[in-house]
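# A structural walkthrough
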Amino acid sequence: MMGFFPTLLGQLTNMKELIFTRNNNNIVGGTIPTEIGLLTNMSILRLSDNYVTGTVPSEIGKVRNLNAMALSFKPITGTLPVEFRNLPLTGGLQLQSTRMTGNLTFMCGKGISPFRVDLEDVEECACCDCCA
């Protein structure tokens, strides 16, 4: 399947997983809609290796059950939303090969595994070597 984020995405409030990856032939393009913040029951967000562009909306911080997020290998830009600190992400955070910038010190000590980051310009923190 190939397409863009559906306009009715925010109405799927009981969705637990949103997975669009090339590995499962579900390819999506465009920007991540702000309605993503309405998916408060979602626990997994995987959009790796797609045609997602733009920035990650701050509304992502409203998805309080989000345990795993993969946004790697795509031209996402902008600053990491500080709202990431609201997310448990105990199942992993993957941000390799994006064009994002920012500070990840709020992630230190959360016990996130796997924690893979390769940002264009990340502000260094001293808690680990994940941002190197």
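Scroll up to find the structure.
Thresholds applied
- Per chain, the residues get numbers from 1 upward, laid out in the order the sequence is written.
- Local features in this predicted model are restricted to residues of pLDDT 70 or higher, and side-chain atom pairs are both shown and tallied only at a pLDDT of 80 or more, whereas totals for entire chains, interfaces and linings draw on every residue.
- Side-chain calculation: all heavy atoms of the structure are included, whereas hydrogens and water are not.
- Counting from the N terminus, the helices are DSSP H or I runs at least four residues long and the strands are E runs at least two residues long.
- We call two residues contacting when some pair of their heavy atoms lies within 4.5 Å.
- Partly exposed residues are those whose accessible area sits between 20% and 50% of the maximum for their type, while under 20% is buried and over 50% is exposed, using a 1.4 Å probe and protein chains only.
- DSSP calls a pair of strands paired once it identifies at least 2 bridges connecting them.
- Only the contacting stretch of a helix is used when fitting its axis, a line to C-alpha atoms as for every element, and angles between N-to-C directions run 0 to 180 degrees.
- Between the rings of Phe, Tyr and Trp (Trp by its six-membered ring), a pair exists once the centres lie within 6.5 Å; its type follows the angle of the planes, with under 30 degrees stacked, over 60 edge-to-face, and the other angles tilted.
- Residues enter a nonpolar core if they are buried and are Ala, Val, Leu, Ile, Met, Phe, Trp, Tyr or Cys, with the set joined through side-chain atoms within 4.5 Å.

This paragraph deals with the environment of Ile32. Position of Ile32 among the secondary structure elements: in the loop between strand S3 (27-31) and strand S4 (44-46). On a C-alpha basis, the gap between Ile32 and Phe5 in space is 7.3 Å, while along the polypeptide they are 27 residues apart. Leaving out residues up to four positions away in the same chain, Ile32 has contacts with Phe5, Leu47, Val52, Thr53, Val56, Pro57, Leu71 and Ile76.

On to the pairing of strand S8 (residues 92-96). The element S8 is extensively covered by neighbouring structure, given that five of its five residues are classed as buried. Neither face of S8 is exposed, since Gly92, Gln94 and Gln96 on one face and Leu93 and Leu95 on the opposite face are all buried. Strand direction decides the pairing type here: strand S6 (residues 68-70) and S8, joined by three bridges, are parallel. Among the inter-strand pairings, Met69 is bridged to a residue of S8, identified as Leu93.

Spatial strand order, S1-S3-S5: three strands in an open sheet with parallel pairing. Sheet topology places strand S1 (2-4) and strand S5 (51-53) at the edges, where each strand pairs with a single neighbour. Here the average twist between neighbouring strands, direction ignored, is 20°. Pairing geometry for S3 and S5, over three bridges, is parallel. For Thr31, the partnering residue across the bridge sits in S5 and is Thr53.

This brings us to the packing of aromatic side chains. The tally for this structure, following the rule as stated, stands at one aromatic pair. Note on Phe5 and Phe20: the rings are 6.3 Å apart at their centroids and 80° apart in plane angle, and the pair reads as edge-to-face. Of this pair, Phe5 sits in the loop between S1 and strand S2 (17-19) while Phe20 is found in the loop between S2 and S3, placing the two residues 15 residues apart along the sequence. Neither residue differs from the other here; Phe5 and Phe20 are each classed as buried.

Let us look at the nonpolar core. Core analysis: the biggest nonpolar cluster contains 28 residues, and Leu45 and Met69 have the highest contact counts within it. Aside from chain neighbours lying at most four places away, what touches Leu45 is Leu18, Ile36, Ile60, Leu66, Ala68, Met69, Ala70 and Leu71.

Of all the five residues making up S3, four are buried; the element is thus mostly covered by neighbouring parts of the structure. Here S1 pairs with S3 via three bridges, running parallel. Directly across from Phe4, in S3, lies its bridge partner Gly29.

In this section: unusual backbone geometry. In the Ramachandran plot, Asp49 falls in the positive-phi region, its phi being about 55° despite a non-glycine side chain. Structurally, the position occupied by Asp49 is in the loop between S4 and S5. According to the relative accessible area criterion, Asp49 is partly exposed, its value standing at 34%. Although it is not a glycine, Leu89 sits at a positive phi angle of roughly 45°. Position of Leu89 relative to the elements: it lies in the loop between strand S7 (77-79) and S8.

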